[in-house]
Amino acid sequence: MKLIFAGTPEFARVALEALLAAGHEVALVLSQPDRPAGRGMKLQASPVKQCALQHGIAVAQPRSLRLDGKFPEDAQAAQAAIAAVQAEAMVVAAYGLILPQWVLDAPRRGCLNIHASLLPRWRGAAPIHRAIEAGDAETGVTIMQMDAGLDTGAMLLREALPIGAQESTARLHDRLAAQGGRLIVAALTQADQLQPQPQPAEGVTYAHKIEKAESSVDWTQDAAQIARRIRAFDPFPGASTTLGAEVIKLWCCEIDSVSRLPDAACGQILSANADGVVVACGSGLLRLTQLQRAGGKRLAAGEFLRGFALQPGQVLGTGA
């Protein structure tokens with residue numbers, strides 16, 4: 001098919017590559033404007049834009065698609081570009097802009113979205129993070145016919161994927177991205193045979209955007225809950241705790257025990273050696289196995305402790 005593709009991050013780039021490899025003609029790519037990134041905070045093109053340019057595909061980067069919004073000139077230029085292409089369908093994956101009705105109506109087959117959850121569970125911005133944080137046993141990808149709502153459109157394809165017991169958002173993201181690329185190609189191949197299925201009213205949950213403020217570990221929570229949050233927030237924003245003025249990022253951990261010493265404070269370090277840093281939680285003990293100081297690298301516990309001598313009795317999350 002002749003397609004328009006709208007997406008921004010790595011998850012979307014994988015889908016774009018899959019569409020191109022399957023022989024579809026992507027005539028136009030929409031992606032978010034370049035953003036400052038890296039230590040020098042230089043403007044950097046999104047992974048989708050970089051991929052499009054490598055394949056010689058025209059790229060539009062409107063700041064908004066609302067004709068009556070803050071940047072009507074951007075929306076008007078995008079409208080002209082979309083109309084000129086005369087695409088059969090638009091594929092959308094983690095684009096980052098709300099599509100107004102005129103965009104949804106522009107292609108003959110409408111807009112198809114690649115969503116990284118089993119809808120209607122985890123509609124919204126951060127479905128991968130929230131599935132891990134909630135302790136879900138599985139997630140997956142839904143190919144959806146987009147409507148004006150937030151991930152409320154009819155489902156075309158839906159395929160489950162188990163979540164590994166120690167799986168982080170980073171690892172699950174890559175598996176879901178590959179699954180999404182495969183499913184969107186399948187959906188387009190079967191476009192005339194697929195019957196859109198309305199999403200059920202039961203089981204709706206929302207995956208709210210991840211905020212940096214969520215990264216701070218609450219040691220009064222149980223060990224399993226903290227462990228899920230550490231995995232869910234890898235790679236962004238990274239779970240963290242403090243010791244005095246020092247911020248410590250927490251990247252890998254394991255449940256050490258489901259119970260804890262009755263006289264240990266929440267956040268208290270019980271032992272610290274090459275096997276990990278054992279910390280008392282609201283319920284259970286957590287063994288931290290990969291940590292990072294501000295400005296440093298992720299390090300295994302033994303290597304981390306050679307540069308930062310955590311001691312039993314210290315309490316994380318406080319100045320002690």
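Residues numbered from 1 in each chain as written. Predicted model: local features only at pLDDT ≥ 70, side-chain atom pairs only at ≥ 80, totals over all residues. Heavy atoms only, no water.

## Concerning the nonpolar core
Across soluble globular proteins, nonpolar side chains show a tendency to be buried alongside one another. Definition in use: Here, nonpolar core refers to any group of buried Ala, Val, Leu, Ile, Met, Phe, Trp, Tyr and Cys residues whose side-chain atoms link them within 4.5 Å. Accessible area is worked out with a 1.4 Å probe on protein chains only. A residue is then buried under 20% of its type maximum, exposed over 50%, and partly exposed in between. Counting from the N terminus, the helices are the DSSP runs of H or I reaching at least four residues and the strands are the DSSP runs of E reaching at least two. We call two residues contacting when some pair of their heavy atoms lies within 4.5 Å.
With 44 residues, the main nonpolar core has Phe 5, Ile 114, Ile 143 and Ile 184 as its most contacted residues. In terms of residues, this core owes the most to one element, helix α6 (residues 169–189), which gives eight residues. When sequence neighbours within four positions are dropped, the list of residues in contact with Ile 143 reads Leu 112, Asn 113, Ile 114, Ala 154, Met 155, Leu 156, Leu 157, Gly 180, Leu 183, Ile 184 and Ala 187. Ranked by size, the runner-up nonpolar core spans 24 residues in total, among them Ala 223, Ile 230, Cys 253 and Leu 288.

## Thoughts on the environment of Gln 101
Formally: Here a polar contact means two N or O atoms within 3.5 Å. Within protein one must be a hydrogen donor candidate and the other an acceptor candidate, and residues neighboring in sequence count only if both atoms are side-chain atoms.
Within the secondary structure, Gln 101 is located in helix α4 (residues 101–105). For the pair Gln 101 and Arg 39, spaced 62 residues apart in the sequence, the C-alpha separation amounts to 39 Å. Within the local environment of Gln 101, its side chain forms a polar contact with the side chain of Asp 105, the two groups lying 2.9 Å apart.

## Some remarks on the pattern of salt bridges
Side chains bearing opposite charge may pair, as long as their charged atoms lie close to each other. Keep this limit in mind: Throughout this description, the term salt bridge denotes a Lys or Arg side-chain nitrogen within 4 Å of a carboxyl oxygen of Asp or Glu.
Throughout the structure, instances matching the rule amount to 18 salt bridges. Residues Arg 63 and Glu 73 are paired through a salt bridge, measuring 3.1 Å at the closest nitrogen-oxygen approach. Taken together, the residues Arg 63 in the loop between β5 (58–60) and α3 (72–85) and Glu 73 in helix α3 connect sequence positions 10 residues apart. The shortest N-O distance in the salt bridge between Asp 136 and Arg 121 comes to 2.8 Å. One end of the pair, Asp 136, is in the loop between α5 (127–133) and β9 (138–145); the other, Arg 121, is in the loop between β7 (111–115) and β8 (123–124), and 15 residues separate them in sequence. Members of the salt-bridge network, linked through shared partners, are Glu 88, Arg 108, Arg 109 and Asp 192.

## Some details on the packing of aromatic side chains
In this description, an aromatic ring pair is defined by two values, namely the gap between the centres and the angle between the planes. What counts here: Stacked, edge-to-face and tilted are the three classes for Phe, Tyr and Trp ring pairs, Trp counted by its six-membered ring, which pair at centre distances within 6.5 Å; planes under 30 degrees apart are stacked, over 60 edge-to-face, the rest tilted. Charge-over-ring contacts are defined here by two conditions on Lys NZ or Arg CZ: a distance within 6 Å of the ring centre and an angle within 35 degrees of the ring normal.
Inspection of every chain in the model, using the stated rule, returns one aromatic pair. Here the guanidinium or amino end of Arg 298 rests over the ring plane of Trp 251, the centre of that ring lying 3.6 Å away.

## Describing the sheet that holds strand β6 (residues 89–93)
Within a sheet, adjacent strands bond to each other through the backbone by hydrogen bonds, running parallel or antiparallel. Condition: One bridge is not enough; two strands pair if DSSP finds at least two bridges between them. Where helices are involved, their axes are fitted lines through C-alpha atoms of the stretch in contact, as for all axes, and angles between N-to-C directions lie from 0 to 180°.
Here seven strands make up an open sheet; going across it, the order is β5-β2-β1-β6-β7-β9-β10 and the pairing mixed. Of all the strands in the sheet, just β5 and β10 (154–162) have a single pairing partner and so form its edges. On average, each strand axis in the sheet is tilted by 20° relative to the strand beside it, whichever way the strands run. Examined bridge by bridge, strand β1 (residues 2–7) and strand β2 (residues 25–30) share five bridges and lie parallel to one another.

## Description of the pairing of β2
Which entries qualify depends on this criterion: When the strands point away from the viewer, a crossover counts as right-handed if the route from the first strand across the helix to the second turns clockwise.
As for the winding sense of the linkage, the β-α-β connection from β1 through helix α1 (residues 10–21) to β2 is right-handed. Where β2 and β5 come together, three bridges link them in parallel fashion. For Leu 28, the partnering residue across the bridge sits in β5 and is Ala 58.

## Some words on the pairing of β6
Counting buried residues along β6, five of its five residues qualify, which places the element largely inside the surrounding structure. Residues Ala 89, Val 91 and Ala 93 of β6 are buried on one face, and the alternating residues Met 90 and Val 92, pointing to the opposite face, are buried as well. Sheet topology places β1 next to β6; five bridges connect them, and they run parallel. Note that in β6 the partner of Phe 5 across the bridge is Val 91. Here three bridges tie β6 to β7, and the two strands are oriented parallel to one another. Its bridge partner lying in β7, Val 91 is registered against Leu 112.

## Considering the environment of Lys 49
Structurally, Lys 49 can be placed in helix α2 (residues 47–54). Beyond its immediate sequence surroundings of up to four residues, Lys 49 is in contact with Ser 31, Asp 34, Val 59 and Gln 61.

## A few points about α2
For clarity, the threshold we go by: The arc in question is traced by the directions running from the helix axis to the C-beta atoms.
Here α2 has its buried residues at Val 48, Lys 49, Cys 51 and Ala 52. Along the axis of α2, the buried positions cluster into a sector of 160°, meaning they face one direction only. Exposed side of α2, more than 90 degrees from the buried face: Leu 53 and Gln 54 are the residues found there. Structurally, α2 contributes buried residues whose contacts are with β1, α1, β2 and β5. Immediately downstream of α2, the backbone of Gly 56 shows phi near 70°, a positive value.

## Description of unusual backbone geometry
That bond from Asp 234 to Pro 235 is cis: its omega, 25°, falls within 30 degrees of zero. Its location among the elements puts Pro 235 in the loop between α7 (223–232) and β12 (239–243). In this structure, Pro 237 follows Phe 236 across a cis peptide bond, with omega equal to -5°. Relative to the assigned elements, Pro 237 resides in the loop between α7 and β12. Within the chain, Gln 86 stands out as a residue other than glycine whose phi angle is a positive 55°. Position of Gln 86 among the secondary structure elements: in the loop between α3 and β6.

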